[in-house]
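As a plain string of letters, each chain reads:
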Amino acid sequence: MSLAGQLHKLQQIDLELQRKQQELYEVEDQLSDNKALVAAESKLASQKEQLKDERKRQKSSEWELEDLQEKVRQIESKLYSGTTKNPKELVNLEIEFRGFKSQIRSKEDALLGLMSQAEEIEATAKTTAEELERLKREWEQKQETLGHRKGEVEAVLPQLRESRDGLAQQINPEAINTYERIRLTRRQAVVKAERGKCQGCHIALPTSQWQRAKAGDLIQCNSCSRILYLE
Ligand SMILES: [Zn+2]
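Residues numbered from 1 in each chain as written. Predicted model: local features only at pLDDT ≥ 70, side-chain atom pairs only at ≥ 80, totals over all residues. Heavy atoms only, no water.

Q: Could you give an account of the overall build of the chain, with specific residues and numbers?
A: Helix and strand content of the chain: five helices and three strands. Counting from the amino terminus, helix and strand elements in the chain follow one another as α-α-α-α-β-β-α-β. In terms of overall dimensions, the chain is more spread out than a globule: its C-alpha atoms have a radius of gyration of 42 Å, far above the 17 Å expected for 231 residues. Oriented by its inertia axes, the alpha-carbon framework of the chain measures out at about 130 × 35 × 25 Å. (Helix = DSSP H or I, 4+ residues; strand = E, 2+ residues; numbered from the N terminus. Rg over C-alpha atoms; globule rule 2.2 N^0.38 Å.)

See below:
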């Protein structure tokens, strides 16, 4: 195999190494990306907290209502037991009774409002919990698939490095240096020369260069400096 042919083969391995390394980064990135899951978890926690507060408000409203009802019962017993005979006192009791009754009505309305608010929050929290479960299942599946893929890539990488090193040892170090230098700025350091043109920059090669490349010399394109490879 010509020197350019060897470098071309080396480049194929290097490009494959790059692709696999990139794939590994991406897989690792996705494996650690649990943002959606964390967001759903914190959303659910805050909705549960909200529900707890709402239930607390509901409870204290119920107690206040019970107190009022107890007061009304006491006044009723005073009014109807016949123990209070003083007309002025009876009138006052009647006024108090009506006052408490109206307080009870507005308390009951408020309580209904609180209950329906709590129900709404409960329904929202239920939806969030379902969404969280779905995300968890997805996460587990993803972890499994990606974990598998990661294992595959991790197994291939050392094999590629080994064949890269094996091949590099057989190639003239000066040629490797040239190749590495070009690769610092070009994705492909070795390109095919076809129909008299460099396939990297598509500029026609002088006949003398073409002939030397054909003879197996290591030739770089005059215009883009890439190493020319003839099949
Ligand atoms: Zn060129």
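Q: Could you give an account of the pattern of salt bridges, with specific residues and numbers?
A: Counting across every chain of the model gives 23 salt bridges. If you follow the salt bridges from partner to partner, you end up with Glu16, Arg19, Lys20, Glu23, Arg149 and Glu152 in one network. (Salt bridge = Lys/Arg side-chain N within 4 Å of Asp/Glu carboxyl O.)

Q: For the pairing of strand β1 (residues 190-194), give the residues involved together with the corresponding values.
A: Sheet topology places β1 next to strand β3 (residues 227-229); three bridges connect them, and they run parallel. Within the sheet, the bridge partner assigned to Val190 lies in β3 and is Ile227. The sheet contact formed by β1 and strand β2 (residues 197-198) spans two bridges and is antiparallel. Bridging from a neighbouring strand, Ala193 pairs with Cys198 of β2. (Pairing = 2+ DSSP bridges.)

Q: Please set out the coordination of the zinc ion residue by residue, giving values where relevant.
A: For a metal bound by four donors in a tetrahedral arrangement, the ideal donor-metal-donor angle is 109.5 degrees, while six donors in an octahedral arrangement ideally sit at 90 or 180 degrees. Within the first shell, the zinc ion binds the protein through Cys198 (SG), Cys201 (SG), Cys221 (SG) and Cys224 (SG), at distances of 2.2 to 2.3 Å. Mapped onto the sequence, the donors of the zinc ion take the spacing C-x2-C-x19-C-x2-C. Taking the relative accessible area as the measure of exposure, Cys221 reaches 4% and is therefore buried. Since its relative accessible area comes to 5%, Cys224 is described here as buried. (Donors = N, O, S within 2.8 Å, 3.2 Å for Na, K, Ca; no water. Buried < 20%, exposed > 50% of the residue type's maximum accessible area, 1.4 Å probe, protein only.)

Q: I'd like a rundown of the sheet that holds β2, residues and numbers included.
A: The three strands are arranged β2-β1-β3 in an open sheet whose pairing can be described as mixed. Of all strands in the sheet, those bounded by a partner on one side alone are β2 and β3. In the packing of helix α1 (residues 3-32) onto the sheet, the strands contacted are β1 and β3, and the crossing angle to β3 comes to about 100 degrees. (Contact = heavy atoms within 4.5 Å. Axes fitted to C-alpha atoms, helices over the stretch in contact; angles between N-to-C directions.)

Q: Let's hear about the side chain of Thr128: which residues, and what values?
A: Looking at where Thr128 falls in the secondary structure, it is placed in helix α3 (residues 87-170). A relative accessible area of 5% places Thr128 in the buried class. Apart from the residues lying within four places of it in its own chain, the contact partners of Thr128 are Ala40, Lys43, Leu44 and Gln47.

Q: Which residues make up the packing of α1 against helix α4 (residues 173-183), and what values do they have?
A: Put simply, α1 and α4 touch, their axes get as near as 11 Å, and they point 45 degrees apart. Relative to α4, the element α1 is oriented oblique. Crossing handedness for the pair α1 and α4: right-handed. For the pair α1 and α4, the contacting residues are Leu3, Leu7, Leu10, Gln11, Asp14, Leu15 and Gln18 in the first and Ala175, Ile176, Tyr179 and Arg183 in the second. Residues of the contact of α1 with α4, tallied by class, amount to seven nonpolar, two polar and two charged. (Parallel < 35°, antiparallel > 145°, perpendicular 65-115°, else oblique. Left-handed = near helix turned anticlockwise from the far one by under 90°. Nonpolar A, V, L, I, M, F, W, Y, C, P; charged D, E, K, R; others polar.)

Q: Describe in detail the packing of α1 against α3, supporting the description with residues and values.
A: Relative placement of two packed helices is described by the angle separating their axes and the distance separating the axes. Running from amino to carboxyl end, α1 crosses α3 at an angle of 155 degrees, the nearest separation of the two axes being 8 Å. One way to sum up the angle between α1 and α3 is to call them roughly antiparallel. Judged by the twist between their axes, the crossing of α1 over α3 is left-handed. Split by residue class, the contact of α1 with α3 holds 14 nonpolar, eight polar and twelve charged.

Q: Can you lay out the nonpolar core for me, pointing to particular residues and giving the numbers?
A: Leu7, Leu10, Ile171, Tyr179, Val190 and Ile227 are the most contacted members of the largest nonpolar core, which totals 20 residues. At the level of elements, α1, α3, α4 and β3 are the ones that each hand at least two residues to this core. Here this core gets six residues from one element, more than from any other, and that element is α1. If near-sequence neighbours (up to four positions away) are discounted, Leu10 is found in contact with Arg164, Leu167, Ala168, Ile171, Ile176 and Tyr179. (Core = buried A, V, L, I, M, F, W, Y, C linked by side-chain atoms within 4.5 Å.)

Q: Help me get a handle on unusual backbone geometry, residues and values and all.
A: In this model, His202 sits at a positive phi of 65 degrees, which is unusual for a non-glycine residue. Checked against the element boundaries, His202 lands in the loop between β2 and α5 (207-214). Not every positive phi belongs to a glycine, and Ser225 is a case in point at roughly 70 degrees. Within the fold, Ser225 resides in the loop between α5 and β3. Here Ser225 falls in the partly exposed class, since its relative accessible area comes to 35%.

Read these as layout, nothing more, since geometry by itself doesn't imply function.
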